[in-house]
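Examining the three-dimensional arrangement
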There are 2 protein chains.
Amino acid sequence: MPAQNASNGGKWKVALIGSGNWGSAIARLVGKNIKERSDEFDTEVKMWCYEEDFEGRKLTEVINEKHENVKYLPGVDLGDNVVAEPDLIKAIEGANALIFVIPHQFIIETCKQLEGKVPSDTQAISLVKGVDVKDGEIHIFSEVIKEHLGIECAALSGANIANEVAKEAFSETTIGCRDIEVAKRWARLFESEKFRVAVSKDVLGVSLGGALKNVVAVAAGLIDGLQWGNNAKAAIMRIGLLEMKRFALEFFPGTEPETFVQESAGIADLITSCLGGRNRKCAEAFVTTGKPFDQLEKEMLNGQKLQGVQTAKELHQFLKARGKADDYPLFTFVYRVAYEGVKPDTITAHI
Amino acid sequence: MPAQNASNGGKWKVALIGSGNWGSAIARLVGKNIKERSDEFDTEVKMWCYEEDFEGRKLTEVINEKHENVKYLPGVDLGDNVVAEPDLIKAIEGANALIFVIPHQFIIETCKQLEGKVPSDTQAISLVKGVDVKDGEIHIFSEVIKEHLGIECAALSGANIANEVAKEAFSETTIGCRDIEVAKRWARLFESEKFRVAVSKDVLGVSLGGALKNVVAVAAGLIDGLQWGNNAKAAIMRIGLLEMKRFALEFFPGTEPETFVQESAGIADLITSCLGGRNRKCAEAFVTTGKPFDQLEKEMLNGQKLQGVQTAKELHQFLKARGKADDYPLFTFVYRVAYEGVKPDTITAHI
């Protein structure tokens, strides 16, 4: 047990770093649980919120008055113990458990602001989707956080569409954490009757599942656009899942194959992304409208980046540098469709 | 190589036993392949067809004139080397490779008619969906065929909606066959650019996948009816797949776990059934209309039986006799919803 925890009776004082759609859904869940499990958790949670204007007022003020993230998760009561805080350093003050749940492009900048300000016995968990590819290397965000802050960092990922979690539709997730006792504490922080948590030691596999599935979801969307039917879509999902698993095992030794074929972070996240999800949807439109992905991003995603296509590009750079592009035909095919003009209906000749 | 094969230069002479929707789709595929692979296969295939009237004529006559199964697969050219034959014994005359592709309720009766009439070196493959439960035991149809006829029998199963296979939409399947050389010959009989075949030694797993997935598809349909969203549906599919695998491993020693999580006969067939499929559809209607399953069968399936609900009942009898019903909560839940009035929205309390 970390020393700091002992100072407040071994309780965890939790801070959320992030307050978007997924961050707010998680804040609501955590806020509820810490009230009910006050023997283990301090019952207030600070939620760092990037300050912005909302209808002429400050967003944090509106959140704290209405207990609702009116901008990113409207209509959902966050509870009165979730407190939005615009100052990052104030948000984490006294916290010994940090939940990172911000868009991946802000992770490194945020970590830099936190450097030297986080006690070394602090626990962290990354709910950040995706991976960071830089200089031909793939970095898992829980590892990025660990290295920047010098603290342990777990990962949480699963079939977790934020709005469904927020309205308490049944859902599952996977927590990857090397220390299984800490994993269990994280599980008690997140778990509810409708949000099931499984724990695993496989931090890498849990993180990779959430990033790689987006590429497969693009392929599934292409099949939807082609109207090839459910046999073909099921085939692509199966082939994609095995490619994800193979990639993880080849380049991230120690990854557990079971994470992909048994855990929510693997197979279930893949399924939910291939059934709904923006990657699937934009890829379908790519086929039916003939518009390029960057135009579809603008028209359909309100300026957000299409993660699957971006990840396919990063994976391709990674694989090409190692002479392995042909060993991952589905990933490579998605890249070529998005960036090299390869036709979606040639998929069976490629995979 | 069986002696009989040697007598015709080692070629296989294929007969299809069955001519429904799936049987006709397969007849078309096989007919095309044997023409192209005449070094290995006799280029005509007889298709046993249960004789019935079609618009005042005999169905077999119409099929042989139009090269189209006007009743069960209209609009699809079967090719001129697929010959419908109303007499079962004539249909198999001279054949050394039998494809069984009839509804499961006719298997035993058909086998009885064939007893003593099939040379012992004949190869067989079962494309029959489902399993036979009798006297509290589960029988795999490839084993039923093997025992009745005293011949080897493989199994073929996968994400194979018949109409999609018939119109050459991309699809995959798995052949389970203990003799891997024979499996490869079966693969060459069925495989095409758009119909991919994987081979496996796991006859039991391939057969069980096709039966058990129907129960999970019912559960997925309940979730659709409840409108709980994609997270919940993905969770049910994941839980269901693992329950299928666990069931097979517990009661059919020698089954390979990979068949369920890697093969088309496992995960992909489950996905396609949970995306479309009659079990999913009727279960959705069960929730949204409040009508019992037997009424929905009549209204939605033109008198056909709803396999998932039937299989759930048979599995329940099997599990209950062994005191194991509680160990398979999803299977048991589907049974209780269908037969004991348990409410679909209580699923999270049961599984």
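Source: prediction; values computed, not measured.

Rules used throughout
Residues numbered from 1 in each chain as written. Chains lettered and ligands numbered in written order. Predicted model: local features only at pLDDT ≥ 70, side-chain atom pairs only at ≥ 80, totals over all residues. Heavy atoms only, no water. Helix = DSSP H or I, 4+ residues; strand = E, 2+ residues; numbered from the N terminus. Rg over C-alpha atoms; globule rule 2.2 N^0.38 Å. Buried < 20%, exposed > 50% of the residue type's maximum accessible area, 1.4 Å probe, protein only. Contact = heavy atoms within 4.5 Å. Phe/Tyr/Trp six-rings, centres within 6.5 Å; stacked < 30°, edge-to-face > 60°. Lys NZ or Arg CZ within 6 Å of the ring centre and 35° of its normal. Pairing = 2+ DSSP bridges. Axes fitted to C-alpha atoms, helices over the stretch in contact; angles between N-to-C directions. Buried area = accessible area lost by both parts, 1.4 Å probe. Salt bridge = Lys/Arg side-chain N within 4 Å of Asp/Glu carboxyl O. Polar contact = N/O pair within 3.5 Å; in protein donor to acceptor, adjacent residues only side chain to side chain. UniProt positions renumbered as here; feature names shortened; annotations may be inferred. Least-squares fit on C-alpha atoms with pLDDT ≥ 70 in both. Disulfide = S-S within 2.5 Å. Parallel < 35°, antiparallel > 145°, perpendicular 65-115°, else oblique. Left-handed = near helix turned anticlockwise from the far one by under 90°. Nonpolar A, V, L, I, M, F, W, Y, C, P; charged D, E, K, R; others polar. Core = buried A, V, L, I, M, F, W, Y, C linked by side-chain atoms within 4.5 Å.

**Comments concerning the overall build of chain A**
A count of helices and strands for chain A gives 17 helices and twelve strands. Relative to the globule expectation of 20 Å for 351 residues, the C-alpha radius of gyration of chain A, 20 Å, shows essentially globular dimensions. Structurally, chain A occupies a C-alpha span of about 60 × 45 × 35 Å along its principal axes. Evaluated residue by residue, chain A yields a buried proportion of 60% over its 351 residues. Counted over contacts in chain A with a minimum sequence separation of 6, partners at least 24 positions apart contribute 70%.

**Digging into the packing of aromatic side chains**
Taken as a whole, this structure holds 26 aromatic pairs over all chains when the rule is applied. Each ring, one from B:Phe251 and one from B:Phe318, has its centre 5.0 Å from the other, and the planes form 85°; the classification is edge-to-face. Placement of B:Phe251 in helix α10 (residues 230-251) and of B:Phe318 in helix α15 (residues 307-321) is noted, with a sequence separation of 67 residues between them. As far as the burial class goes, B:Phe251 and B:Phe318 line up, both buried. Three or more aromatic residues link up through ring pairs in this structure, and these residues are A:Phe247, A:Phe251, A:Phe252, A:Phe318, A:Tyr328 and A:Phe331. Here the guanidinium or amino end of B:Arg322 rests over the ring plane of B:Phe318, the centre of that ring lying 3.7 Å away.

**Section: the sheet that holds strand β10 (residues 152-157) of chain B**
All names here are of chain B. Here eight strands make up an open sheet; going across it, the order is β5-β2-β1-β6-β7-β10-β11-β12 and the pairing mixed. At either margin of the open sheet sits one strand with a lone partner, and together these are β5 (82-85) and β12 (195-200). Adjacent strand axes in the sheet meet at a mean angle of 25° when their direction is disregarded. Where strand β7 (residues 123-126) and β10 come together, four bridges link them in parallel fashion. Considered in β10, the bridge of Ile-125 is made with Ala-154. Seen against the sheet, helix α6 (residues 141-149) touches β6 (97-100), β7 and β10 and runs at an angle of roughly 160° to β10.

**Considerations on the interface of chain A and chain B**
Facing the 39 residues of chain A at the interface are 39 residues of chain B. When the two sides are added together, the surface that chain A and chain B hide from each other amounts to roughly 3300 Å², 58% of it contributed by carbon and sulfur. For the chain A face of the interface with chain B, the top three residues by lost area are A:Phe170, A:Asn231 and A:Arg238, together amounting to 22%. Counting across the interface, chain A meets chain B through two salt bridges. Between A:Glu172 and B:Arg238 there is a salt bridge whose closest N-O contact spans 2.8 Å. Where chain A touches chain B, the interface holds 26 residue pairs in polar contact (both at pLDDT 80 or more). Residue assignment for the side of chain A that touches chain B shows that the elements contributing at least two residues are α7 (162-166), β11 (171-176), α10 (230-251), α11 (257-262) and α12 (264-275) of chain A.

**Describing the side chain of B:Glu143**
If you trace the backbone, B:Glu143 turns up in helix α6. Dropping the residues within four chain positions of it, B:Glu143 is found in contact with B:Arg178, B:Val203 and B:Leu204.

**Things to note about the UniProt feature "binding site: NAD(+)" (unreviewed entry) in chain A**
Residues and elements named next belong to chain A. The UniProt entry lists Gly-18, Ser-19, Gly-20, Asn-21, Trp-22, Gly-23, Phe-106, Ala-162, Arg-278, Lys-305 and Gln-307 under the feature "binding site: NAD(+)" (unreviewed entry), expressed in the numbering used here. Relative to the elements of secondary structure, Gly-20 occurs in the loop between β1 (14-17) and α2 (21-36). Look at Gly-20 and you get partly exposed, because its relative accessible area is 25%. Setting aside its immediate chain neighbours within four residues, Gly-20 contacts Asn-69 and Tyr-72. Assignment of secondary structure puts Arg-278 in helix α13 (residues 278-289). Classification of Arg-278 by relative accessible area gives partly exposed; the value is 36%. Beyond its immediate chain neighbours, meaning those up to four positions away, Arg-278 contacts Leu-301, Gln-304, Lys-305 and Leu-306.

**Some words on the relation of the copies chain A and chain B**
Rotating chain A by 180° and translating it 0.0 Å along the rotation axis places it on chain B, where the RMSD comes to 0.0 Å. Here the transformation between the copies is reduced to the relation of a two-fold axis. Minimal C-alpha separation from the rotation axis in chain A is found for A:Val261, amounting to 3.0 Å. Looking at chain A, 100% of its interface residues are interface residues in chain B too, so the copies touch through the same face.

**Overview of the state of the cysteines**
Residues and elements named next belong to chain A. Evaluated as defined, the whole model comprises zero disulfides over all chains. In this structure Cys-177 is a free cysteine whose sulfur lies 8.9 Å from that of Cys-153, the closest cysteine sulfur available. The thiol of Cys-282 is unpaired, and the distance to the nearest cysteine sulfur, on Cys-274, comes to 14 Å.

**What about the packing of α10(A) against helix α12 (residues 264-275) of chain B?**
Look at α10(A) against α12(B): their axes get within 8 Å of each other, and the N-to-C directions meet at 135°. In this view, α10(A) runs oblique relative to α12(B), as classed from their interaxial angle. Considering the relative orientation of α10(A) and α12(B), their crossing is right-handed. Between α10(A) and α12(B), the contacting residues are A:Asn230, A:Asn231, A:Lys233, A:Ala234, A:Met237, A:Arg238 and A:Leu241 on the first element and B:Ser264, B:Ile267, B:Ala268, B:Ile271, B:Thr272 and B:Leu275 on the second. Among the residues making up the contact of α10(A) with α12(B), the classes are represented as seven nonpolar, four polar and two charged.

**Re unusual backbone geometry**
Residue and element names in this part refer to chain B. Backbone geometry at Glu-55 places phi at a positive 50°, although glycine is not the residue there. The topology assignment puts Glu-55 in the loop between β3 (53-54) and β4 (57-58). Look at Glu-55 and you get exposed, because its relative accessible area is 72%. Unlike most non-glycine residues, His-67 shows phi in positive territory, near 55°. Relative to the helices and strands, His-67 is located in the loop between α3 (59-66) and β5.

**What to know about the nonpolar core**
Of all hydrophobic cores here, the largest spans 126 residues; its most connected members are A:Phe247, A:Phe331, B:Phe247 and B:Phe331. Filtering out sequence-adjacent residues up to four positions away, A:Phe331 remains in contact with A:Leu212, A:Val215, A:Val216, A:Glu243, A:Met244, A:Phe247, A:Ala312, A:Leu315 and A:Leu319.

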